[in-house]
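Notes for the structure review
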Amino acid sequence: MVQSLNLPKAGGDLYTYTPSQSKPFEVETGKPFEKRTAFSAAHVVCNPLADVDPLQNAEIDWERTMEYRHYLWSLGFGVAEAMDTAQRGMGLSWESAKELIQRSIQESRSVNGRIACGTGTDQLLPGPGVTLADVENAYAEQCEFVEGEGGQIILMASRALAACAESPEDYEKVYGNILRKVKEPVILHWLGDMFDPALKGYWGHDNLDEARDVCLKIIRDNIDKVDGIKISLLDKQREIEMRNMLPDGVKMYTGDDFNYPELIKGDDQGYSDALLGIFDAIAPAASAGLRALDEGNINRYHEILDKTVPLARHIFQKPTFAYKTGVVFMAYLNGHQSHFRMIGGAEGSRSIIHLSDLFVMADEAGLLMDPDSAVKKIRLVLEQAGIEQGVQTT
């Protein structure tokens, strides 16, 4: 019997909400998808009992963090490791990311799970003394580490490069030098400034069409070293236009957490594969939807995934970089971790109203795997915010 909740709304008033008792998605496990390549970026679980500074030196709960990666593999996803969803550069240092990458690659071998790992320059603090050579060396260090561990590289955008580059040619030089050194094709990542304000003007242009052209030139000049590109601009038309301009054999991995059902389905000219942070939060639905796509059941595909879009747009609302809080809250509600704590104290990055609305949207999308348990968990969060809960049941 699911308990009713007193939930807050804008202005401070409360209303009564009774969760549904929808059945969890029945998903096929044990094999990857057939028609699309689909990576889920994965969050990390912090250790709330570690006696450390949670803002500067938070510890990871390795057992739960690895369990979640096995969960994603079991649903058919590849894991995109040590990305911004794992709070890379926003709580997760390069030293911690190295251990995360090493552990995850080792775990992937036990289930033959696909994994790609983020490499950047976050061991290098942007500053007036940082040079292009420094950026290149930092990239090279991380790329060599990932390839040395046996992982595929996701070449992430660099705050340090954005700060010191003076022209598009500087981007072409650094990326060209790194791509010539890597052994296997990489996934490039164009992360928009809504996700990270320090990346404004990436590729040497504020104008996104001009920036796109620089990125495409880098891809064409190094085509044998580029598996694909993930763009996270939350602009479906720009993604479609760039997708149609990619050289043959180079994948477009959608990073659009607002419009993914349409972009993954595609059109007469092509489709996007996926590398998405939202898949962490909606993994059962995303898996079921992609299985329906494999079967050619487009109506079922949209029936499942379209219901998740309001939740995704809510989780990724401005400030977009705070989306990790919603992702971890979903993991907490669904029992993948026993607490709602995050490295860097990021659980405080969203309001109680935001989290309450997230709960309702997750329920409406059928994404609360155990509604009774989820109610008990959110009651604790609500009561900590001073919102008393009654004992009503239905």
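Residues numbered from 1 in each chain as written. Predicted model: local features only at pLDDT ≥ 70, side-chain atom pairs only at ≥ 80, totals over all residues. Heavy atoms only, no water.

What about helix α10 (residues 283-294)?
Here α10 contains 12 residues, and its C-alpha end-to-end distance of 16 Å stays within 8% of the 16 Å for a straight helix at 1.5 Å per residue. Counting buried positions over the 12 residues of α10 gives 12, a clear majority of the element. When we look at burial in α10, the residues that qualify are Ala283, Pro284, Ala285, Ala286, Ser287, Ala288, Gly289, Leu290, Arg291, Ala292, Leu293 and Asp294. Each element contacted by the buried residues of α10 is listed here: β3 (38-41), α1 (62-74), α8 (260-265), α9 (278-281) and α11 (298-305). (Helix = DSSP H or I, 4+ residues; strand = E, 2+ residues; numbered from the N terminus. Expected span 1.5 Å × (residues − 1). Buried < 20%, exposed > 50% of the residue type's maximum accessible area, 1.4 Å probe, protein only. Contact = heavy atoms within 4.5 Å.)

Thoughts on the pattern of salt bridges
Counted according to the given criterion, the structure contains 22 salt bridges. Between Lys217 and Glu172 there is a salt bridge, with the nearest N and O atoms lying 3.4 Å from each other. Of this pair, Lys217 sits in helix α6 (residues 208-221) while Glu172 sits in helix α5 (residues 168-181), and the two are 45 residues apart along the sequence. The salt bridge partner of Glu262 is Lys236, with a shortest N-O separation of 2.9 Å. One end of the pair, Glu262, is in helix α8; the other, Lys236, is in helix α7 (residues 236-245), with 26 residues separating them in the sequence. (Salt bridge = Lys/Arg side-chain N within 4 Å of Asp/Glu carboxyl O.)

Overview of the environment of Thr325
With respect to the helices and strands, the residue Thr325 is situated in helix α13 (residues 323-333). With relative accessibility at 1%, the residue Thr325 sits in the buried group. Remark: the alpha-carbon pair of Thr325 and Gln87, spanning 238 residues in sequence, is separated by 9.8 Å. Once you skip the residues sitting within four places of it in the chain, Thr325 turns out to touch Phe340, Met342, Ala346, Glu347, Ser349 and Arg350.

Digging into the packing of helix α14 (residues 352-364) against helix α15 (residues 371-384)
In contact at an axis separation of 11 Å, α14 and α15 are set at 170° when each is read in the N-to-C sense. Looking at the two axes, α14 sits roughly antiparallel to α15. For the pair α14 and α15, the contacting residues are Ile352, Leu355, Ser356 and Phe359 in the first and Ala374, Val375, Ile378, Val381 and Leu382 in the second. Of the residues contributing to the contact of α14 with α15, the split by class is 8 nonpolar, 1 polar and no charged. (Axes fitted to C-alpha atoms, helices over the stretch in contact; angles between N-to-C directions. Parallel < 35°, antiparallel > 145°, perpendicular 65-115°, else oblique. Nonpolar A, V, L, I, M, F, W, Y, C, P; charged D, E, K, R; others polar.)

Some thoughts on the sheet that holds strand β5 (residues 115-119)
Read once around its circumference, the closed barrel built from 8 strands follows the order β3-β4-β5-β6-β7-β8-β9-β10, with strand pairing classed as parallel. Taken over all neighbouring pairs, the strand axes of this sheet differ in orientation by 25° on average, direction set aside. Pairing of strand β7 (residues 186-191) with strand β8 (residues 226-232), which is carried by 6 bridges, proceeds in the parallel orientation. Each residue of the ladder has a partner; that of Trp190, found in β8, is Ile231. (Pairing = 2+ DSSP bridges.)

Considerations on unusual backbone geometry
The amide bond that connects Lys318 to the next residue, Pro319, takes the cis arrangement and shows omega of -5°. Along the chain, Pro319 falls in the loop between α12 (309-315) and α13. Look at Ala82: it is not a glycine, yet its phi comes out positive at around 55°. Counting through the fold element by element, Ala82 comes out in the loop between β4 (78-81) and α2 (94-111). Judged by relative accessible area, which is 0%, Ala82 ranks as buried. You will see that Leu234, though not glycine, has its phi angle at about 55°, which is positive.

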